[in-house]
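Each chain is listed here by its residues.
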Amino acid sequence: MCIATAGLVMSMDGDNAKVLVGGNILTINISLVNPTVGDYVLLHAGCAIEIIKEDSAKELMDIHKELEGLMNDHA
Amino acid sequence: MTTLEKIMEQLKHYDGPPIQIMEVCGTHTSAILKTGVKDLVSDRIKLISGPGCPVCVTPASFVDRLVSLSLQPNTCILSFGDMMKVTGTEASLTGAKAKGGHVSLIHSPLQAIKLAEENPDIQYIIAAVGFETTTPSYALLIDSMVKNNIKNIKLLTSLKTISPAIGFVCENVNDIDAFLCPGHVSVIVGSKSFEHLAELYHKPFVIAGFDGPQILAAVLAIVYQICDKKGEMKSLYKSVVSYDGNPAAQNITQRYFTPYDALWRGIGVIGGSGLRLRDEYAFLDAGTEEEYDRQAAGCSCSDIILGKLSPEECPLFGGVCTPLSPVGPCMVSAEGACGIYYRFGKRGMTS
Ligand code: SF4
């Protein structure tokens, strides 16, 4: 649960943004950071907690995918 | 030779004094097992998992209270999936649900807002577990509840802060020489928090990302410091972690929460290591009572959390205790060391 992942900001509306995460579009609270469309953000528990570079984002997406796969194998 | 090959060469042939490095966060444990870092370094360098799994350190009293609340009429517990199989004195939330308890899974505390608006007759209780990375999202939830005048959500809290726990390890577990800092907690609290710990305990604290080369570079940075008898904070993850952290997250956390002496499952009370609702917001508390602890018979979670034992050294590991029938919380959670070792071990990876 304290695992963070990364996503790409697609659009913004006040405190919320549509963020592309692993093929899904999620509504994420962005009031703790100030992203613009096209930024990658570090996500945790429904909130963006930092704006990050694309390569850091990719690294997290990879490990997140790996962990989800493992959790599903042993769910 | 590339830089990475040079790093690997040096780590493989390290023949100085033995070094024990604690990685505090479960994502690092997973990355270390996934990338086989343990096999790439000299056997004089040991990587040990630490207390960075919030579910694993949540006391039995918290689960007991959730279980009893879930069985009350018109009440629904909202919880992250990781908490479901953690057992309190007798039952877990999964067990409570089987007996008719009301529990729904959430991915974000903020999901509670919509649910509460749609179902005004239900009292929602958030099972608020987590470290510094998660607490801001509970604070944002409270902010939204206050602004939108939502009255049917309360929080049962077991929120913890990692620095006091690392301090506890430094003071009580003698043979940990250095720390690989929790990356995502660092995003919130900033690298300055670990600089403070490095100064206090004169041990290396290195912040790194989650890919193999970054972890290897962090291990080498630790080895160099130990050879030079230094104990400093070094960040190799500056693209993500700033010196001051995220001030908006720190401010909103302080607005609603205040430190207290929290009980860590299997460890005991650690001074100033928890966060509870401020007195002004105590009316949002779902009845946090005095904390008490209980460890399942034969479970070694407390030693695992403090890095005194490796998961495979627990006699129940992989036999009696597996992710499908976990005995202790370290096997339940995605970030618990036992679960991570089991999952990666099962896939024929290095452990
Ligand atoms: S393997 Fe199971 S019983 Fe042993 S310490 Fe881990 S969670 Fe507890």
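Counting restarts for each chain, with residues numbered from 1 along the sequence as it is written. Ligands are numbered from 1 and chains lettered from A, in the order in which they are written. Thresholds applied to this predicted model are a pLDDT of at least 70 for local features of residues and 80 or more for the giving and counting of side-chain atom pairs; totals over whole chains, interfaces and linings are not thresholded and use all residues. The basis for the side-chain values is all heavy atoms of the structure; hydrogens and waters are excluded.

**Side note on the interface of chain A and chain B**
Stage number 1. Contacts are residue-level and defined by heavy atoms, with any inter-residue pair within 4.5 Å sufficient. Residue-level contacts link 28 residues of chain A with 43 residues of chain B.
Stage number 2. Note on chain A versus chain B: buried area summed over both sides is about 3,000 Å², and carbon and sulfur give 67% of it.
Stage number 3. Should a side-chain nitrogen of Lys or Arg be within 4 Å of a carboxyl oxygen of Asp or Glu, the pair is scored as a salt bridge. Taken together, the links from chain A to chain B amount to zero salt bridges.
Stage number 4. Polar contact is defined as a pair of N or O atoms within 3.5 Å, subject to the rule that within protein one atom must be able to donate a hydrogen and the other to accept it, and that residues adjacent in sequence are counted only when both atoms are side-chain atoms. At the junction of chain A with chain B, the criterion picks out four residue pairs in polar contact (both at pLDDT 80 or more).
Stage number 5. In DSSP terms, a helix is any run of H or I states spanning at least four residues, a strand is any run of E spanning at least two, and both are numbered starting from the N terminus. Among the secondary structure elements, those contributing two or more residues to the side of chain A that touches chain B are strand E4 (40-44), strand E5 (47-52) and helix H1 (54-73) of chain A. Two parts lose some accessible area (1.4 Å probe) when they are put together, and adding that loss for both gives the buried area.

**Considering the state of the cysteines**
Residue and element names in this part refer to chain B.
Stage number 1. The disulfide definition used here is simple: a pair of cysteine sulfur atoms within 2.5 Å. Under the definition given, this model contains one disulfide over all chains.
Stage number 2. Between the sulfur atoms of Cys53 and its disulfide partner Cys56 the distance amounts to 2.3 Å. Looking along the S-S bond of the Cys53-Cys56 disulfide, the torsion reads about 75 degrees, which is the right-handed sense.
Stage number 3. Burial here depends on accessible area, computed with a 1.4 Å probe over protein chains only, as a share of the maximum for the residue type. Under 20% is buried, over 50% is exposed, and the range in between is partly exposed. You can call Cys53 buried: its relative accessible area is 4%.
Stage number 4. We classify Cys56 as buried; its relative accessible area is 1%.
Stage number 5. Left unpaired, Cys170 is separated from the closest cysteine sulfur, that of Cys181, by 10 Å.

**A short note on the sheet that holds strand E5 (residues 123-130) of chain B**
All names here are of chain B.
Stage number 1. Only when DSSP finds a minimum of two bridges between them are two strands counted as paired. Read from one edge of the open sheet, six strands run E4-E3-E5-E6-E11-E10, paired in mixed fashion. Each edge of the open sheet is held by one strand with a lone partner, namely strand E4 (103-105) and strand E10 (257-264). Strand-to-strand twist in this sheet, taken as the mean axis angle between neighbours without regard to direction, amounts to 25 degrees.
Stage number 2. Pairing of E10 with strand E11 (residues 268-277), which is carried by seven bridges, proceeds in the antiparallel orientation. Paired with Leu263 across the strands is Val269, a residue of E11.
Stage number 3. All axes here are fitted lines through C-alpha atoms, helices being fitted over the stretch that makes contact, and every angle between N-to-C directions spans 0 to 180 degrees. Packing against the sheet, helix H4 (residues 60-70) makes contact with strand E3 (75-79), E4, E5 and strand E6 (153-160), and its axis sits at approximately 165 degrees to E6.

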